[in-house]
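Analysis of the macromolecular model
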Amino acid sequence: MSEQLTERFLSYVRINTASDPISTASPSSSCQVDFLRILESELREIGMEHIHLDDKGTLYAALPGEGSGNTVIGLIAHVDTSPDVSGKDVSPVLHNDWDGKAITLQPNIVIEPEETVDMSRYVGGTIITSDGSTLLGADDKAGVAVIIEICIRLIADPDISRPPLKVAFTTDEEIGRGMDNFDVSKFGVDFAYTVDGSSIGKVDTQTFNAWSANWKVKGNEVHPGSAKGILVNSVRILADIVAMISPEEMPENSSGDEGYDYPLSISSVAGEGELKMILRDFTREGMEERIHRLRSLEKWIRIKYPRAEVSLQLKEQYRNPGEILQEDRRPVDYALKGMERAVLEGKEDSIRGGTDGSRLSFMGVPTVNLPTGGELFHSRKEWIAEEGLEASFRIVLETLKIWGENGPFHQSLSE
Ligand SMILES: [Zn+2]
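Residues numbered from 1 in each chain as written. Predicted model: local features only at pLDDT ≥ 70, side-chain atom pairs only at ≥ 80, totals over all residues.

1. Examining the nonpolar core
With 80 residues, the main nonpolar core has Leu75, Ile147, Ile150 and Val396 as its most contacted residues. Aside from chain neighbours lying at most four places away, what touches Val396 is Leu75, Val146, Ile150, Val195 and Leu370. Ranked by size, the runner-up nonpolar core spans 17 residues in total, among them Phe208, Trp215, Met287 and Leu312. (Core = buried A, V, L, I, M, F, W, Y, C linked by C-beta atoms within 7 Å. Buried ≥ 20, exposed ≤ 12 C-beta atoms within 10 Å, placed from the backbone. Contact = placed C-beta atoms within 7 Å.)

Given below as structure tokens:
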């Protein structure tokens, strides 16, 4: 298995699929569609059913046969890679029999085992990286390769217990648009797993709640020589707003389960300007507090600058699926149990960010994120171990088996 999975992964990372944050098209880059077309024909070759590639860049398919039970499970991976670092002409390098020491890809691109979470467990194994000139693309070609190999295995061996299974490959996850055109009713599953996580042994069940906050200020611009009593300077007002946000609440002072208020960009002249912020918090109450604080600040700024036009637009981006997953714990419990069987460990974790699952959970499909084994995503130091990739495959397979074993007649593992 290991070899076939690795070969598949290596062939996928060589294909450029970077998403494009500037494009307004869906999907944002045509190279993603080129890759989806390859996957579409592979799905056909291996015997998948109901294969459909829609014009917005999502590829859906179903595993033939009913499986056990009436709870339909979905597996999801995104085909795009981060536009932060080039993903063109990726040339993967295999570091066989890794000695546990730093890996030098280029003079200034060195992977220090200490700066990455989980590398030491792969001493003696095979670490896969790029040549240092591009990202690797394990995020999320690892997930794509694992899901295809899972389908191949389940079709080859119909005796393996499993639930009715669907798969979806999405685009533009890295630019936050992965779920914009996702058709939940077409997918038709009860629960889903994104295979898009990092360290083996962790099931991601919590993400941030996320809002954007967009300030707009209109002042009054005149020649500074004759400005007394007339000039209303948007630059000064926006600087005042940023100064009123506590440094304690900024991302550079935030870790673990703490959220943050992040002023992302400010652009202004005296006449008008704009400040873009994002707010992040794991709890709903915490997020309400952050929103309340900004609304109070807005009132205060209006009182202080009565001649300026000040507006604050707040918009929800995604939500922590943790609260949805509390309602029916099976997707979490079965994944933990599957992980336990596959790699003898498993615990719940949270992501200081969001996943497609954060949005999908609130679109009616409670979704948990499973690990791929890759690390240092979105960088030229991105790496994955062959053994980690293999572990990801086993985790997904064991999790599906547990769904199959618990069929329609069981409610939960504890019964
Ligand atoms: Zn990803």
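2. Some words on the packing of helix H1 (residues 2–13) against helix H3 (residues 138–156)
One can describe the packing of H1 onto H3 by two numbers: an axis separation of 9 Å at closest approach and a directional angle of 135 degrees. The angle between H1 and H3 places the two elements in the oblique class. H3 is crossed by H1, and the crossing has right-handed handedness. Seen from H1, the contacting residues are Gln4, Leu5, Arg8, Phe9, Tyr12 and Val13; seen from H3, they are Lys141, Ala142, Val144, Ala145, Ile148 and Glu149. In the contact of H1 with H3, the residues fall into 8 nonpolar, 1 polar and 3 charged. (Axes fitted to C-alpha atoms, helices over the stretch in contact; angles between N-to-C directions. Helix = DSSP H or I, 4+ residues; strand = E, 2+ residues; numbered from the N terminus. Parallel < 35°, antiparallel > 145°, perpendicular 65-115°, else oblique. Left-handed = near helix turned anticlockwise from the far one by under 90°. Nonpolar A, V, L, I, M, F, W, Y, C, P; charged D, E, K, R; others polar.)

3. Here we look at helix H6 (residues 284–304)
Along its 21 residues, H6 runs 30 Å from first to last C-alpha, staying within 8% of the 30 Å computed at 1.5 Å per residue. Taken together, the buried positions of H6 are Met287, Arg290 and Leu294. Buried residues in H6, looked at end-on, bunch into an arc of 60 degrees, giving them a common side. Away from the buried face of H6 by more than 90 degrees, exposed residues Glu285, Glu288, His292, Ser296, Lys299 and Ile303 are located. (Expected span 1.5 Å × (residues − 1). Arc of directions from axis to C-beta.)

4. What to know about the sheet that holds strand E7 (residues 127–129)
Taken in spatial order, the 3 strands make up an open sheet running E4-E7-E17, and their pairing is antiparallel. Taken across any chain shown, the strands that pair with only one partner, and hence form the sheet edges, are strand E4 (93–95) and strand E17 (383–385). Ignoring strand direction, the axes of neighbouring strands in this sheet form an average angle of 25 degrees. Of the strand pairs in this sheet, E7 and E17 are connected by 3 bridges, and their pairing is antiparallel. Bridging from a neighbouring strand, Thr129 pairs with Trp383 of E17. In the packing of helix H10 (residues 386–405) onto the sheet, the strands contacted are E7 and E17, and the crossing angle to E17 comes to about 70 degrees. (Pairing = 2+ DSSP bridges.)

5. Structural notes on the domain arrangement of the protein
How big an interface is tends to be expressed through the accessible area that disappears when the partners come together. By the assigned domains, the protein splits into domain 1 (2–207 + 321–405) and domain 2 (209–318). Centre-to-centre, using C-alpha coordinates, domain 1 lies 37 Å away from domain 2. (Domains from an automatic or database assignment.)

6. Focus on the pairing of strand E5 (residues 103–106)
One ladder, built from 3 bridges, connects E5 with strand E6 (residues 109–111); its direction is antiparallel. Each residue of the ladder has a partner; that of Ile103, found in E6, is Ile111. The turn linking E5 back onto E6 is made up of 2 residues.

7. Looking at the environment of Ser255
Position of Ser255 among the secondary structure elements: in the loop between helix H5 (234–243) and strand E12 (260–268). Note: C-alpha distance between Ser255 and Arg352 (97 residues apart in sequence) is 8.4 Å.

8. Looking at the packing of helix H8 (residues 330–343) against H10
One can describe the packing of H8 onto H10 by two numbers: an axis separation of 7 Å at closest approach and a directional angle of 130 degrees. It follows that H8 is oblique to H10 by the angle criterion. In terms of crossing hand, the pair formed by H8 and H10 is right-handed. Two secondary-structure elements touch here, H8 through Tyr334, Ala335, Lys337, Gly338, Met339, Arg341, Ala342 and Val343 and H10 through Ala391, Arg394, Ile395, Glu398, Thr399, Ile402 and Trp403. Tallied by class, residues from the contact of H8 with H10 come to 9 nonpolar, 2 polar and 4 charged.

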